[in-house]
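Remarks on the overall topology
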Amino acid sequence: MNIDEVDIFFMSKAIKEAEKSLFSGDIPVGALIVLENNIISSSFNTREADKNPLGHAEINAIKLASESISSKYLRNMTLYVTLEPCPMCTGAILEAGIKRVVFGAYDSKGGACGSFMNLADYPGFFRRTLVKGGVLEKECQELLHNFFISLRKSKK
C-alpha cells in the first residue's frame, strides 16, 4: 500500500472511533495514534460523557498512547483524527512530539493545523509536525453534519 492508501485505511478506523461518541451525545470525533502501521491507541470525544472540557479525541488518544509506551514522547508516530485539531489539541500534539497529523474534515472556525490558524508549523515553536488534511473529508464532514442536524431537531 502507498501512503495515501495507508492514510485512507487508518482514517476509516478513526471514523469508526468517532461513531462511538454518538452514544454519549458527544460531537463525533475519533482519533488513532499509529506507529509503523500498528495502532498504539484509539479514542473518541468524551467531553459530554466525562463532563470534562479536555475530553477531546486527540487528548484521549495521546494519553492512552503515552501510557501504552510509558513515555511522554510519541516520536515517529502519526495521529489520525476525523476533524482538524483545535489549538489545545495541536499544543498537546506538539508537546508529545508527534511526527505527523492526518485529519479528515477542515474546521474553519477553530482548526489549528491550517484552516483558522496554523500552530503545527508556527515559527516561534520549538517543535513542528507534518500535516495532511482532507483524507476521507466527505465522510468525516457528513458524520458531523448529521450529528448537528439531529441535535437541532432534538432541541425543537
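That block above? That's the structure.
The structure contained in this document is the topic of the report that follows. (Residues numbered from 1 in each chain as written. Predicted model: local features only at pLDDT ≥ 70, side-chain atom pairs only at ≥ 80, totals over all residues. Heavy atoms only, no water.)

This next bit is on the pairing of strand 3 (residues 78–83). Among the 6 residues in strand 3, 6 count as buried, and that is most of the element. With 4 bridges joining them, strand 1 (residues 30–35) and strand 3 adopt antiparallel strand pairing. Each bridged residue has a counterpart across the sheet, and for I33 the counterpart in strand 3 is L79. One ladder, built from 5 bridges, connects strand 3 with strand 4 (residues 100–105); its direction is parallel. Bridge pairing in strand 4 links Y80 to V102. Crossover handedness for the path strand 3 to helix 4 (residues 87–96) to strand 4: right-handed. (Buried < 20%, exposed > 50% of the residue type's maximum accessible area, 1.4 Å probe, protein only. Helix = DSSP H or I, 4+ residues; strand = E, 2+ residues; numbered from the N terminus. Pairing = 2+ DSSP bridges. Right-handed = clockwise from strand over helix to strand, strands pointing away.)

Applying the stated rule across the entire model yields 5 aromatic pairs. Taking the centre distance of 5.4 Å and the plane angle of 35 degrees together, the rings of F10 and Y80 count as tilted. Placement of the pair is F10 in helix 1 (residues 3–21) and Y80 in strand 3, with a sequence separation of 70 residues. Judged by its relative accessible area of 3%, F10 is buried. With 5.1 Å between their ring centres and 55 degrees between their planes, Y122 and F125 make a pair best called tilted. Using a relative accessible area of 42% as the deciding quantity, one classes Y122 as partly exposed. Relative accessible area serves as the criterion here: at 35%, F125 is assigned to the partly exposed category. An aromatic cluster is built from F9, F10 and Y80, whose rings are joined through pairwise contacts. (Phe/Tyr/Trp six-rings, centres within 6.5 Å; stacked < 30°, edge-to-face > 60°.)

Within the element layout of this structure, N38 appears in strand 2 (residues 38–44). In this structure, the C-alpha to C-alpha distance between N38 and F10, residues 28 residues apart in sequence, is 9.7 Å.

Here we take up the side chain of H56. If you trace the backbone, H56 turns up in the loop between helix 2 (47–50) and helix 3 (57–69). Note on H56: relative accessible area 14%, which makes it buried. Leaving out residues up to four positions away in the same chain, H56 has contacts with N45, R47, C86, M88 and C89. (Contact = heavy atoms within 4.5 Å.)

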